[in-house]
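These are the residues of each chain, in order.
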Amino acid sequence: MVNIVLVSHSPKLVEGLEELLKQVVGQVSIVTAGGDEDGSIGTHFDKIQSAVEEAASGDEGALVFYDLGSAKMNAEMAIEVAESENVRLVSYPIVEGSYLAAVESSIGNSLDDILGSLEKEFG
């Protein structure tokens, strides 16, 4: 199963999105990194790096969705540090994109198949 990483400035946003995806889609692997280190609005590189490394440990790869600028920048750095060739940062809507990815992951589609579906839907 392809893992999904949700990176946001808001811990509540990614917690709520994770809950939604798990209720609607069911069994899906989601790792979140929301907010600054103290739980306030912001991003924290160590939280994002930990989430990326956890997701990268899976055999099928991972897709990283983000909400705003510094979340993207920190996710890019975390992916570089992880040195995993099967983790992809995607610039698709975090809610709709992660929903599509979760559905496709839950039915066993590959990382490349899911990327193709995201491009077709949002590209």
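Everything that follows concerns the structure shown earlier in this document.
Residues numbered from 1 in each chain as written. Predicted model: local features only at pLDDT ≥ 70, side-chain atom pairs only at ≥ 80, totals over all residues. Heavy atoms only, no water.

(A) The overall build of the protein, seen in detail. A count of helices and strands for the protein gives 5 helices and 4 strands. Along the chain direction, N to C, the helices and strands of the protein fall in the order β-α-β-α-β-α-β-α-α. Taking 14 Å as the expected radius of gyration for a compact globule of 123 residues, we find that the protein reaches 13 Å, a close match to that expectation. Considering only C-alpha atoms, the protein reaches an extent of 35 × 30 × 25 Å along its principal axes. Residues counted as buried form 46% of the 123 residues belonging to the protein. Considering only intrachain contacts with a sequence separation of at least 6, the fraction spanning at least 24 residues in the protein is 72%. (Helix = DSSP H or I, 4+ residues; strand = E, 2+ residues; numbered from the N terminus. Rg over C-alpha atoms; globule rule 2.2 N^0.38 Å. Buried < 20%, exposed > 50% of the residue type's maximum accessible area, 1.4 Å probe, protein only. Contact = heavy atoms within 4.5 Å.)

(B) Region of the structure containing the side chain of H44. Mapped onto the fold, H44 is located in the loop between β2 (30-34) and α2 (45-56). Since its relative accessible area comes to 16%, H44 is described here as buried. A distance of 3.4 Å separates the side chain of H44 from the side chain of E37, its partner in a polar contact. (Polar contact = N/O pair within 3.5 Å; in protein donor to acceptor, adjacent residues only side chain to side chain.)

(C) Examining the environment of V90 more closely. Assignment of secondary structure puts V90 in the loop between β4 (87-89) and α4 (94-106). We classify V90 as buried; its relative accessible area is 4%. Put simply, V90 and L118 are 28 residues apart on the chain and 8.9 Å apart in space, counted from C-alpha to C-alpha. Other than its neighbours up to four places away in sequence, V90 contacts L63, V64, F65, Y66 and L115.

(D) Region of interest: α4. With 13 residues, α4 ought to run about 18 Å at 1.5 Å a step, and its terminal C-alpha atoms sit 17 Å apart, in line with that. In this structure, the buried side of α4 is in contact with β1 (3-8), α1 (11-25), β3 (62-66) and α5 (111-122). Directly after α4, the chain includes G108, whose backbone phi takes a positive value near 90 degrees. (Expected span 1.5 Å × (residues − 1).)

(E) Structural view of the sheet that holds β2. Ordered in space as β2-β1-β3-β4, the 4 strands form an open sheet in which the pairing is parallel. Of all strands in the sheet, those bounded by a partner on one side alone are β2 and β4. Across the sheet, the mean angle from the axis of one strand to that of its neighbour is 20 degrees, orientation sign disregarded. Most of the contacts of α5 go to β3, to which it runs at about 35 degrees, and overall it touches β3 and β4. (Pairing = 2+ DSSP bridges. Axes fitted to C-alpha atoms, helices over the stretch in contact; angles between N-to-C directions.)

(F) Focus on the pairing of β1. Extensive coverage of β1 is indicated by the burial of 6 of its 6 residues. Neither face of β1 is open: one carries N3, V5 and V7, the other I4, L6 and S8, and all of them are buried. The pairing of β1 with β3 spans 5 bridges and is classified as parallel. Bridge pairing links V5 to V64 in β3.

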